[in-house]
Amino acid sequence: MTDKRVDLTTDLMGLTLKNPVMTASGTCGSGIELLPYMDVSKLGAIVGKGTTLNNKVGNPPGRLMQTPGGLLNCIGLQNQGADYFLTEILPEVRKVDTHFFANISGNTVEEYGILAEKLDVDGISGLEVNISCPNVKSGGLAFGTVPEDARSVTEEVKKRTGKPVLVKLSPNVTDITAIAQAVEEGGADGISLINTLLGMSIDIETMKASLSNTFGGLSGPAVKPVGLRMVYQVYQKVKIPIVGLGGIMNAEDAIEYLLAGATAIQLGTANLVNPAVGIEVIKGIEEYMERKNIRNMQALVGKAHG
Ligand SMILES: Cc1cc2nc3c(=O)[nH]c(=O)nc-3n(C[C@H](O)[C@H](O)[C@H](O)COP(=O)(O)O)c2cc1C
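Residues numbered from 1 in each chain as written. Predicted model: local features only at pLDDT ≥ 70, side-chain atom pairs only at ≥ 80, totals over all residues. Heavy atoms only, no water.

1. Things to note about the site of the ligand
Part 1 of the reasoning: The full set close to the ligand counts 24 residues, and Ser25, Lys168, Gly220, Gly247 and Thr269 are the nearest of them.
Part 2 of the reasoning: In this structure, an oxygen atom belonging to the ligand sits 3.1 Å away from a main-chain N or O atom of Gly50.
Part 3 of the reasoning: The backbone of Gly268 places a nitrogen or oxygen atom 3.2 Å from an oxygen atom of the ligand.
Part 4 of the reasoning: The fraction of the free accessible surface of the ligand (610 Å²) that becomes covered by protein chains is 96%.
Part 5 of the reasoning: For the shell around the ligand, the per-class residue count stands at 7 nonpolar, 15 polar and 2 charged. (Near = heavy atom within 4 Å. Polar contact = N/O pair within 3.5 Å; in protein donor to acceptor, adjacent residues only side chain to side chain. Areas by Shrake-Rupley, 256 points an atom, 1.4 Å probe, with all protein chains shown as cover. Nonpolar A, V, L, I, M, F, W, Y, C, P; charged D, E, K, R; others polar.)

Written out as structure tokens, the structure reads:
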């Protein structure tokens, strides 16, 4: 914050964030990757790339595809596994003076629990649990599409960590509020939404799907109205804080999410267009608050009405 006329400080699940601007998982590594472009410690928080128990090579090439107003990806959670993260990446993350959330993904409820326990260490402020992964024991349906599964994962993670837990919801469901209420009942401290929307693209010359995995997750400006609608709906139904994301490219988009009910926001695809976008969004929110004579960030949260 450059002056004290407005206060961007945000309480998220008992953690004090310098401002409500976070990065979204998978779009800036562990945050360290942004250091050449901006002072990363100015961000409210960083969310790391999805971490799994073991090393994952991800899907073969043909993993990113630009679409009008969006980006399709099927990276496939490529990462070097939790032990590598703890020994090689976390020491670097600890040098940056902001909150860090580890984003975790598992194939089974047990795997989520093991990961939560392994990552219950200094330097990690909280966990973000990605429940958009296929539940191998339930025949591949994503944990995030079945309320009972979403609740079980949340309960298991909460049992195995002392850190605040954000559960990140998938938008690929009919009733997002049912999933949100299930994770709240399971003990989630907060909710992140949205993850990517399932989509596809076809190369008309080869007549083949453009992505190696046929389907991919759609992100970027094209998904913003969907994310915003879901944050607005969920805000009416749960008491825990919401971290809003999906297509936020600038301060105006971020403010819309805050007004819809988000306590904090995340920048994803926007980082791939402009790796310094976080600083611009913080400045833009500050300018908006000054213009509107709003002193405290919390006063914006959920102020929109239909
Ligand atoms: C290249 C790429 C990789 C991603 N990897 C992850 C991931 O590992 N874990 C996760 O929870 N979300 C992942 N996401 C989803 C984003 O964190 C975010 O939920 C989504 O892209 C919507 O936000 P956006 O429109 O601002 O990008 C990824 C998105 C992209 C574009």
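From this point, things continue past the structure.
2. Let's talk about the nonpolar core
Part 1 of the reasoning: In this structure, Ile131, Leu169, Leu193 and Ile265 are the most contacted members of the largest nonpolar core, which totals 73 residues.
Part 2 of the reasoning: Ignoring anything within four residues of it in the chain, the contact list for Leu169 reads Ile131, Ile176, Ile179, Ala180, Val183, Ile191, Ser192, Leu193, Ile194 and Asn195.
Part 3 of the reasoning: The next biggest cluster of nonpolar side chains, apart from the first, holds 11 residues, and it includes Leu12, Ala45, Phe101 and Leu166. (Core = buried A, V, L, I, M, F, W, Y, C linked by side-chain atoms within 4.5 Å. Buried < 20%, exposed > 50% of the residue type's maximum accessible area, 1.4 Å probe, protein only. Contact = heavy atoms within 4.5 Å.)

3. Brief notes about the pattern of salt bridges
Part 1 of the reasoning: Applying the stated criterion across every chain yields a total of 14 salt bridges.
Part 2 of the reasoning: Between Lys224 and Glu256 there is a salt bridge, and its shortest N-O distance comes to 2.6 Å. A residue pair is termed long-range when its members are at least 10 positions apart, and Lys224 in helix H5 (residues 224–237) and Glu256 in helix H6 (residues 251–260) qualify at 32 residues.
Part 3 of the reasoning: Judged by its relative accessible area of 14%, Lys224 falls in the buried class.
Part 4 of the reasoning: On the basis of relative accessibility, which here comes to 34%, the residue Glu256 falls in the partly exposed class.
Part 5 of the reasoning: A salt bridge links Lys283 to Glu287; the shortest N-O distance between them is 3.3 Å. Here Lys283 pairs with Glu287, and both are found in helix H8 (residues 277–292), just 4 residues apart, close to one helical turn.
Part 6 of the reasoning: Connected through shared salt-bridge partners, Glu117, Glu156, Lys159 and Arg160 make up one network. (Salt bridge = Lys/Arg side-chain N within 4 Å of Asp/Glu carboxyl O. Helix = DSSP H or I, 4+ residues; strand = E, 2+ residues; numbered from the N terminus.)

4. Describing the side chain of Thr51
Part 1 of the reasoning: Among the structural elements, Thr51 can be located in the loop between strand S4 (45–47) and strand S5 (64–67).
Part 2 of the reasoning: Residue Thr51 is classed as buried on the basis of its relative accessible area of 6%.
Part 3 of the reasoning: Residues within four places of Thr51 in sequence aside, it is in contact with Asn79, Gly81, Ala82, Phe85, Asn103, Ile104, Ser105 and Leu115.

5. Details of the packing of H5 against H6
Part 1 of the reasoning: One can describe the packing of H5 onto H6 by two numbers: an axis separation of 8 Å at closest approach and a directional angle of 25°. As the angle between them shows, H5 and H6 are arranged roughly parallel. The interaxial crossing formed by H5 with H6 has right-handed handedness. On H6, the residues touching Lys224, Gly227, Leu228, Val231, Tyr232 and Tyr235 of H5 are Asp253, Glu256, Tyr257 and Ala260.
Part 2 of the reasoning: Residues belonging to the contact of H5 with H6 are distributed by class as follows: 6 nonpolar, 1 polar and 3 charged. (Axes fitted to C-alpha atoms, helices over the stretch in contact; angles between N-to-C directions. Parallel < 35°, antiparallel > 145°, perpendicular 65-115°, else oblique. Left-handed = near helix turned anticlockwise from the far one by under 90°.)

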